[in-house]
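# Observations on the model geometry
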Amino acid sequence: MSHVVVLGAGVSGHTAAAFLRKWLGREHTVTVVSPKDTYNWIPSNIWVGVGHMRREQVVFPLRPVYERAGIEFVQGAARAVHPEGDAQDATPFVMVEPSARPGTREKVRYDYLVNATGPQLRFDRTPGLGPHGGHSYSVCTEDHAVEASRALDESVARMQRGERQQFVVGVGHGTCTCEGAAFEYIVNLEFTLRARGVRDKADITWLTNEYELGDFGMGGMHFRTGGYVQPSSAFNASLFAERGIKWVTRAHPREVEPSRVHYETVDGVTDSLPFDFAMLLPPFSGVGLEAFDRDGQDITARLFQPNSFMTVDADYTAKAYDAWSPQDWPRTYQSPAYRNVFAAGIAFAPPHAISKPYTTPSGALVAPAPPRTGMPSAMIGKAVAHSIVDMIRGANGPTHMASMAEMGAACVASAGASVLRGTAASMTVFPIIPDFERYPDYGRDLDRTFGEIGLAGHWIKLILHHLFLYKARLRPGWSLIPE
Amino acid sequence: MPPDVTEHVAKPTPRTVFLRTFIPWQLWRFLLINLRMLGIIRASHK
Ligand SMILES: Cc1cc2nc3c(=O)[nH]c(=O)nc-3n(C[C@H](O)[C@H](O)[C@H](O)COP(=O)(O)OP(=O)(O)OC[C@H]3O[C@@H](n4cnc5c(N)ncnc54)[C@H](O)[C@@H]3O)c2cc1C
């Protein structure tokens, strides 16, 4: 009998746990450890943040789902991994801080471990950033999105009374990732202001660390349109121009004051933007797990990179940007230090940036971090689950691969939510990590990389919202729905 | 404030904007986009 423990109940961890349970016999145990007993379909937080959806529409309780499926659930945050057990018992364990008893610790033993703890939201990296005592809003969690939506309502009320309002949306630090989410938020915000009849009272500005618009931390994309091969920068710029959204690119926001964000750019500009409402995403790091060996010695550096994301089977050798290759990216997500430890989704450490990193004249890094969106996160979770099942059945090592250099991603970025008047940018990219050896011109297969804006995209986004929530609830036939 | 960065970019023609929410055209696009996405999913699950 084996005990598989999954840390995190997000896209990646929940997918891994569900497939582990489906494929493993009942003599084996699957346990999920997560600080919240709810599941949040994060992509739809955008719609909560503009008041289009309620919190309850993007969140559901996990306990009944896990009870039905036969998955054990421990509500708490993992704090440390002990991959060699301790002096008394060599069975590995995770030290968990139970949510009901903060400050205490509980051992959860494992035979196989999947770290799918996602990101830590590092609002602390920029003074004044974020909703926890700072001056900007976020949509990274369902509760952040509710707060953003309330503040937006206040701004709308002011505009209805005739006041002008300044909106700034984008990133809160030069090393942020997930620009795509902020992009969705800004176009949804603009759409909402139009729908509420106050667009003429709003100035909206996009503040980004991307070198060019449409970079999304993946070095941009190219699409075939109208007889040209166009960069995604043209695609995004066109949408912003059409919507009357201004932009500042190549920026590192340095400080957020109550109604002003200060930034510097790669080009040496030091300036600030006034705002009445700002939604600025934080940079991410790993969640700060520690690791100890049998004797209690700190071995965190053996399991994790300095940014606290987990070291897996990638090539982390420091190289110049031009020297990296798609083969540097991980395939099995197994820890090189312990064969029974894996990382999935945002929790694994990417080997290097996809977008070219820059610095400002004062030395601040402006380097969009590689995104790990829903589709790859779920696919990695599933591949890791498959490998663990095979290893439990006797395989020598991981049997399933899910390299981001060999998979594509389909992404639908909402640009306004309405069944008849809404739009969304439907995008696919293949592969996620550009491969200039296979695709010398653009790094990607242009037959499989495309982007288009329209109502059809909104329908797809809405269907995906319901489909993925259905799947996450593990309703009949859930495993037939692709990741 | 940043200078007017929106001035020098391609903007959609009224026809393009119209087609983006013109239901018969969008039903067709819906089909095509779904097929494209299924292609990506298939290629990625190899
Ligand atoms: C606003 C927003 C919009 C987005 N929109 C899209 C989109 O449209 N399409 C798309 O593909 N992707 C989108 N993404 C990205 C997508 O949400 C991520 O790719 C995905 O959530 C990553 O999954 P994950 O499981 O790695 O991390 P998460 O989903 O963040 O899950 C991490 C889990 O770990 C838990 N956890 C945290 N700390 C601990 C701990 N110490 N111990 C145990 N558990 C812990 C968390 O509570 C959570 O359950 C969006 C992201 C954001 C923020």
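For the structure, check the block above.
First things first, this report covers the structure right here in the doc.

### Digging into the sheet that holds strand 24 (residues 409–414) of chain A
Residues and elements named next belong to chain A. Strand order in the open sheet formed by three strands is 24-25-26, and the pairing between neighbours is antiparallel. At either end of the open sheet lies a strand with only one pairing partner, and these are strand 24 and strand 26 (450–454). Averaged over all neighbouring strand pairs, the angle between strand axes comes to 15°, with direction disregarded. Inspection of the sheet shows strand 25 (residues 424–429) paired to strand 26 by five bridges, in the antiparallel sense. Bridge assignment links Ala424 to a residue of strand 26, and that residue is Gly454. This element, helix 9 (residues 455–472), spans strand 24, strand 25 and strand 26 of the sheet and lies at about 105° to strand 24.

### Section: the pattern of salt bridges
For side chains bearing opposite charge, pairing can occur when the charged atoms are close. Residue and element names in this part refer to chain A. Here the structure, examined in full by the defined rule, presents 31 salt bridges over all chains. The salt bridge involving Arg55 is made with Glu142; its shortest N-O contact spans 3.7 Å. In this pair, Arg55 sits in the loop between helix 2 (45–49) and strand 4 (59–61) while Glu142 sits in helix 4 (residues 142–160), placing the two residues 87 residues apart along the sequence. Given a relative accessible area of 30%, Arg55 falls into the partly exposed group. Across the salt bridge formed by Glu190 and Arg199, the nearest N and O atoms sit 2.8 Å from each other. Exposure class is identical for Glu190 and Arg199. Each is buried. Because the salt bridges share partners, they merge into one network encompassing Lys36, Arg55, Glu142 and Asp143.

### Regarding the layout of surface pockets
Considering only enclosed or pocket space, the second largest pocket measures out at about 790 Å³ in volume. Lining the second largest pocket are 28 residues; nearest its centre among them are Thr225, Phe235, Gly451 and Glu452 of chain A together with Thr16 of chain B. Among the elements of the structure, strand 12 (222–225), strand 13 (228–231), helix 6 (232–243) and strand 26 of chain A together with helix 1 (14–20) and helix 2 (23–44) of chain B are those that each provide at least two residues to the lining of the second largest pocket.

### Digging into the pairing of strand 16 (residues 260–265) of chain A
Residue and element names in this part refer to chain A. One ladder, built from six bridges, connects strand 15 (residues 251–257) with strand 16; its direction is antiparallel. Residue pairing across strands places Ala251 opposite Thr265, the latter belonging to strand 16. With five bridges joining them, strand 16 and strand 17 (residues 270–274) adopt antiparallel strand pairing. Residue Arg260 lies in a different strand from strand 17, and its bridge partner there is Pro274. The antiparallel pairing of strand 16 with strand 17 creates a hairpin that spans four residues between the two strands, and Gly268 there sits at a positive phi of about 90°.

### Overview of the packing of aromatic side chains
Residues and elements named next belong to chain A. Under the counting rule described, the total for this entry stands at 18 aromatic pairs over all chains. For the pair Phe19 and Trp23, a centre-to-centre distance of 4.9 Å together with 35° between the ring planes defines the contact as tilted. Here Phe19 and its partner Trp23 are both found in helix 1 (residues 11–23), four residues apart, which amounts to about one turn of the helix. Relative to Trp324, the ring of Tyr321 lies with its centre 5.8 Å away and its plane at 75°, an arrangement referred to as edge-to-face. The exposure class assigned to Trp324 is buried, which follows from its relative accessible area of 14%. Taken together, the ring pairs in this structure connect Phe183, Trp206, Phe216, Phe240 and Trp247 into an aromatic cluster.

### A word on the site of the ligand
All names here are of chain A. As a structural note, the neighbourhood of the ligand is formed by 32 residues, with Ser12, Ala78, Ile346, Arg372 and Gly374 the closest of them. Note that an oxygen atom of the ligand is positioned 3.3 Å from one of the backbone N or O atoms of Thr117. In the complex, the protein chains occlude 87% of the 1,000 Å² of accessible area that the ligand would expose alone. Among the secondary structure elements, those contributing two or more residues to the shell around the ligand are helix 1, strand 2 (29–34), strand 5 (72–82), helix 5 (179–195) and helix 8 (374–392). Grouping the amino acids of the shell around the ligand by side-chain chemistry returns 18 nonpolar, eleven polar and three charged.

Calculation criteria
Residues numbered from 1 in each chain as written. Chains lettered and ligands numbered in written order. Predicted model: local features only at pLDDT ≥ 70, side-chain atom pairs only at ≥ 80, totals over all residues. Heavy atoms only, no water. Pairing = 2+ DSSP bridges. Helix = DSSP H or I, 4+ residues; strand = E, 2+ residues; numbered from the N terminus. Axes fitted to C-alpha atoms, helices over the stretch in contact; angles between N-to-C directions. Contact = heavy atoms within 4.5 Å. Salt bridge = Lys/Arg side-chain N within 4 Å of Asp/Glu carboxyl O. Buried < 20%, exposed > 50% of the residue type's maximum accessible area, 1.4 Å probe, protein only. 1 Å grid on protein atoms, 1.4 Å probe; cavity = no way out; pocket = protein on both sides within 12 Å on 5 of 7 lines; lining within 4 Å. Points joined across faces, edges and corners; volume = space filled by probe spheres on them. Phe/Tyr/Trp six-rings, centres within 6.5 Å; stacked < 30°, edge-to-face > 60°. Near = heavy atom within 4 Å. Polar contact = N/O pair within 3.5 Å; in protein donor to acceptor, adjacent residues only side chain to side chain. Areas by Shrake-Rupley, 256 points an atom, 1.4 Å probe, with all protein chains shown as cover. Nonpolar A, V, L, I, M, F, W, Y, C, P; charged D, E, K, R; others polar.

Interpretation note: all reported values are geometric properties and have no functional meaning in isolation.
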